[in-house]
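Chain by chain, the residues:
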Amino acid sequence: MAKSTTKFVCSACGVELPRWYGKCPECNEWNSVNEESIATIAIPSKMPIASTPSAIIGASLPLKLDGVQTEDQPRIVTGLAEFDRLLGGGIVPGSVVLLGGDPGVGKSTLLTQVSDTLSQRIPVLYISGEESVHQVKLRAKRLGAGSGELYVLAETVLEHMLARIEAMNPSVVVIDSIQTTRAAAIDSLPGSVAQVRGCGNALQRLAKEQGVAVFLVGHVTKEGGLAGPKALEHMVDTVLSFEGDSHLNYRILRATKNRFGSTDEIALFEMRGQGLTSVENPSAWLLAERAEQSPGSVVTCIMEGSRPLLVEVQALVCHSYLNQPRRQVTGLDYNRVNMILAVLEKRAGIRLSDKDVFVNAAGGVNVREPAADLAIALAVCSSLSDRALPPDLAVMGEIGLAGEVRGVTASEARAKEISRMGFNNVICARRDAKSLKLRVAGLNSVGAGYLAQALSALAGLQSEHSPEQDAE
C-alpha cells in the first residue's frame, strides 16, 4: 500500500536533506532547497516467484550476444562541420543530447541553426518553454532560418509535448529547456529534481522507442555545472557544454560525455550577426592577436580530445608591495601554477617570493593538462627578464617536483601542428625530442632533461635570434 510523504531536495545539486535549509550545505546555493512529495510503496517480505518466464508480463528474455541482429543506422549530418565532428560524425537516431551553458552564450541560436539545416531534409519540431512562437520566429528571421520543415511549439506540459510528438512523428525534437518542462503527474515545481528526472526519463524512453533524436537544453548553476540531478547526465547519451563570454565573439562547445564518439573533444564557433559559424583553423584563430615581440608570451600545444591546439600562455611578473604577493591565474590550474613557481625558485634559483605573478591562457581556453607546465615556467622567466621569446618557438612538456622535464602524450601530433603553423623550433622533453627529429621534418626539436637545461636552451635560441641585443 502506498503512503504519501515529503522530502527536501536541493534543485541545484540534487542532494536530499532531512529538513529545509535556506542555504544548501552541499553546494552552498541559497534558496534552492524545495519540499517535494513522494510516494513510498510497501514491499512484502516475500515476493511471489513466477513459475515460467512467460508468466512475467511484459518482461524481455535474455539473448545470446552473438545472436543479436544489428544494423548500422546512418547518422544525420547537420551541416555544421564542427558540430558534426563533435558528435562523432553526426546525430545518431534515437539518441538524447543534453546541451548546457550560461545564459546568453548561444544555446538557442545553435539549436535553431541546427534545426534549420536539418529541416531541409527531415521534419524537426522545436519546442520552446521559455519563448513564444513569435520570439522564436524573430530569432529564426535574424539567422535566415525557417524555410524548411521546421515546426515550432510553445509548450511546457510534458503530456502535451508527447501527444504532439506522437501525432507529428518528427525525426528530431528540441526541448528548450528541460527546466521549464513539467509533468502534470508529478506534484512539484518545474525545474525541481523530481520534475527534471521524471521528464528526462520520459523523453529518453520516447527517443529509444520511436527512434527520435532529442536535444535537451539545460540551465547551469553559478559554478558552471549543469543544474538539476546528476541522474539526468547519466540518463542521456551525450552531454555538451557551451562555453564562452557572451560579450566576446568566440564560443567553445565541449563534449564531456559521448556514447557514440570521443569525449573531451571541442568545437570552436564564432558568433556573428547571422549566427554561429565554424572555425576551421582554431590554432590560427587562437593566435591571431598574439604580439610576437612581447615578453612573457609563450606558445604551447594542448590536446582537446584528438585535436591539437596552439595556445598562447601569458605571464606578467612585477615587484610586489604587499606582504603576501598576489598570484592570479586565468584559464589554468591555480594550484599547478603555484607548484611551477615553487619549482622555479627551488630548482632554478629564480626568486619569486617578492613578486606578483599573473598567468593567463589567452583566447578563453581552459588548459588543464600538464603539457603546458614548461610554457608557464618559460613565460614567467621571460616576463621576469623582460626578454621576448623567438617568434618561431613553441614549447611543450610536463615539469616534475625535482625540476625534470617529462614527455607528453601525442607528441608527434602536437609537433606536426606546431610545424604546420610555421614554428621552426620546439623545446620539449629529451625523450620526445629524439623521436620528433626522426618523424617530423623541418622542425628543430631541442630536448631538455631538467628545467635548468630548458632555460639554457631558451637563452641559446634567444642569442641566435637577436645577437645585437646580447652585445648590448
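Before reading on, note that the structure itself is shown above.
To start, this report covers the structure provided alongside it. (Residues numbered from 1 in each chain as written. Predicted model: local features only at pLDDT ≥ 70, side-chain atom pairs only at ≥ 80, totals over all residues. Heavy atoms only, no water.)

1. What about the pairing of strand 5 (residues 124-128)?
For strand 5, the tally of buried residues reaches five of five residues, placing the bulk of the element in the interior. Where burial is concerned, the two faces of strand 5 agree: the one with Val-124, Tyr-126 and Ser-128 and the one with Leu-125 and Ile-127 are both buried. Here five bridges tie strand 5 to strand 6 (residues 150-154), and the two strands are oriented parallel to one another. In the strand pairing of strand 6, Leu-125 is matched with Tyr-151. Each parallel crossover has a hand, and the one from strand 5 via helix 3 (residues 133-143) to strand 6 is right-handed. Pairing of strand 5 with strand 7 (residues 172-176), which is carried by five bridges, proceeds in the parallel orientation. Residue pairing in the sheet places Ile-127 in a bridge with Ile-175 of strand 7. (Buried < 20%, exposed > 50% of the residue type's maximum accessible area, 1.4 Å probe, protein only. Helix = DSSP H or I, 4+ residues; strand = E, 2+ residues; numbered from the N terminus. Pairing = 2+ DSSP bridges. Right-handed = clockwise from strand over helix to strand, strands pointing away.)

2. Things to note about the sheet that holds strand 15 (residues 327-330)
In spatial order, the strands read 15-16-14-13-17-20-21; together these seven strands make up an open sheet with mixed pairing. In this open sheet, the two edge strands, each paired with only one partner strand, are strand 15 and strand 21 (444-448). Each strand of the sheet is rotated relative to its neighbour by a mean of 25 degrees, with strand direction disregarded. The pairing of strand 17 (residues 393-395) with strand 20 (residues 425-429) spans three bridges and is parallel. (Axes fitted to C-alpha atoms, helices over the stretch in contact; angles between N-to-C directions.)

3. Side note on the packing of helix 8 (residues 334-347) against helix 9 (residues 373-385)
The geometry of helix 8 relative to helix 9 is characterised by a closest axis approach of 10 Å and an angle of 60 degrees between their N-to-C directions. Accordingly, the angle class assigned to the pair helix 8 and helix 9 is oblique. The crossing of helix 8 and helix 9 is right-handed. Two secondary-structure elements touch here, helix 8 through Arg-336, Val-337, Ile-340, Leu-341 and Leu-344 and helix 9 through Asp-373, Ile-376, Ala-377, Val-380 and Cys-381. Of the residues assigned to the contact of helix 8 with helix 9, the class counts are eight nonpolar, no polar and two charged. (Parallel < 35°, antiparallel > 145°, perpendicular 65-115°, else oblique. Left-handed = near helix turned anticlockwise from the far one by under 90°. Contact = heavy atoms within 4.5 Å. Nonpolar A, V, L, I, M, F, W, Y, C, P; charged D, E, K, R; others polar.)

4. A look at the environment of Ile-418
Summarising the element assignment, Ile-418 is placed in helix 10 (residues 411-420). Exposure remark for Ile-418: the relative accessible area of 0% places this residue in the buried category. Along the chain, Ile-418 and Ala-394 lie 24 residues apart, while their C-alpha atoms are 7.1 Å from each other. With sequence-adjacent residues up to four places away left out, Ile-418 is seen in contact with Cys-301, Leu-310, Ala-394, Met-396, Phe-423, Val-426 and Leu-443.

5. Brief notes about the packing of helix 4 (residues 158-168) against helix 5 (residues 193-210)
The geometry of helix 4 relative to helix 5 is characterised by a closest axis approach of 11 Å and an angle of 10 degrees between their N-to-C directions. As far as their axial angle goes, helix 5 and helix 4 are roughly parallel. Across from Leu-158, Leu-162 and Ile-165 in helix 4, the residues of helix 5 making contact are Cys-199, Ala-202, Leu-203 and Leu-206. Tallied by class, the residues present in the contact of helix 4 with helix 5 amount to seven nonpolar, no polar and no charged.

6. What about the sheet that holds strand 7?
Strand order across the open sheet formed by nine strands is 6-5-7-8-4-9-10-11-12, with mixed pairing between neighbours. At either end of the open sheet lies a strand with only one pairing partner, and these are strand 6 and strand 12 (275-278). The average angle at which neighbouring strand axes cross in this sheet is 25 degrees, direction not considered. Here strand 7 runs beside strand 8 (residues 213-218); their pairing, made up of four bridges, is parallel. Within strand 8, the position partnered with Ile-175 by the bridge is Leu-216. The strands that helix 4 touches are strand 5, strand 6 and strand 7; relative to strand 5, the one it contacts most, it runs at about 170 degrees.

7. A look at the nonpolar core
Most often, soluble globular proteins have nonpolar side chains that are buried together. Ranked by internal contacts, the top residues of the largest apolar core, which has 50 residues, are Leu-332, Leu-344, Leu-374 and Ile-427. No other element matches the eight residues that helix 9 contributes to this core. Once residues lying within four places of it in the same chain are set aside, the contact partners of Leu-344 are Gly-349, Ile-350, Leu-352, Ala-377, Val-380, Cys-381 and Leu-451. Among the nonpolar cores identified, the runner-up in size contains 30 residues, and Leu-80, Leu-99, Ala-213 and Ala-255 belong to it. (Core = buried A, V, L, I, M, F, W, Y, C linked by side-chain atoms within 4.5 Å.)

8. Quick notes on a nonpolar patch on the surface
A grouping of Leu-63, Leu-65 and Val-68 is seen on the molecular surface, where their side chains present a nonpolar patch of about 350 Å² in accessible area. For Val-68, the position within the fold is in the loop between strand 3 (33-41) and helix 1 (81-87). (Patch = residues over 30% accessible without salt bridge, like charges linked within 9 Å, V, L, I, M, F, W, Y side chains within 5 Å. Areas by Shrake-Rupley, 256 points an atom, 1.4 Å probe, with all protein chains shown as cover. Salt bridge = Lys/Arg side-chain N within 4 Å of Asp/Glu carboxyl O.)

9. Things to note about the pairing of strand 20
Each regular strand carries side chains that alternate between the two faces of the sheet. In terms of residue burial, strand 20 counts as a mostly covered element, since five of its five residues are buried. Of the strand pairs in this sheet, strand 20 and strand 21 are connected by five bridges, and their pairing is parallel. Directly across from Cys-428, in strand 21, lies its bridge partner Gly-447. A crossover connection joins strand 20 to the parallel strand 21 through helix 11 (residues 430-439); in handedness this β-α-β unit is right-handed.

10. Focus on the packing of aromatic side chains
Given two aromatic rings, one states the distance between the centres and the angle between the planes to describe the pair. Considering all chains together, one arrives at three aromatic pairs under this definition. Considering the side-chain rings of Phe-242 and Phe-269, the 6.5 Å spacing of their centres and the 90 degrees angle between planes classify their relative orientation as edge-to-face. Within this pair, whereas Phe-242 is found in strand 9 (residues 238-243), its partner Phe-269 is found in strand 11 (residues 265-272), the two being separated by 27 residues in sequence. Taking 5.9 Å as the distance between ring centres and 70 degrees as the angle between the ring planes, the aromatic pair formed by Tyr-250 and Trp-285 counts as edge-to-face. Note that Tyr-250 is positioned in strand 10 (residues 250-258) and Trp-285 in helix 7 (residues 282-286), a separation of 35 residues in sequence. By relative accessible area, which is 23% here, Trp-285 ends up partly exposed. (Phe/Tyr/Trp six-rings, centres within 6.5 Å; stacked < 30°, edge-to-face > 60°.)

11. Side note on unusual backbone geometry
The step from Asp-176 to Ser-177 runs through a cis peptide bond, and the omega angle for that step is 15 degrees. Its place among the elements puts Ser-177 in the loop between strand 7 and helix 5. Unlike most non-glycine residues, Asp-386 shows phi in positive territory, near 60 degrees. Looking at where Asp-386 falls in the secondary structure, it is placed in the loop between helix 9 and strand 17.

12. Things to note about the pattern of salt bridges
Under the criterion given, the structure shown has 21 salt bridges. Across the salt bridge formed by Glu-304 and Arg-254, the nearest N and O atoms sit 2.9 Å from each other. One end of the pair, Glu-304, is in strand 13 (residues 297-304); the other, Arg-254, is in strand 10, with 50 residues separating them in the sequence. Each of the salt bridges in this network shares a partner with another, and the network as a whole consists of Glu-82, Arg-85, Glu-265 and Arg-307.

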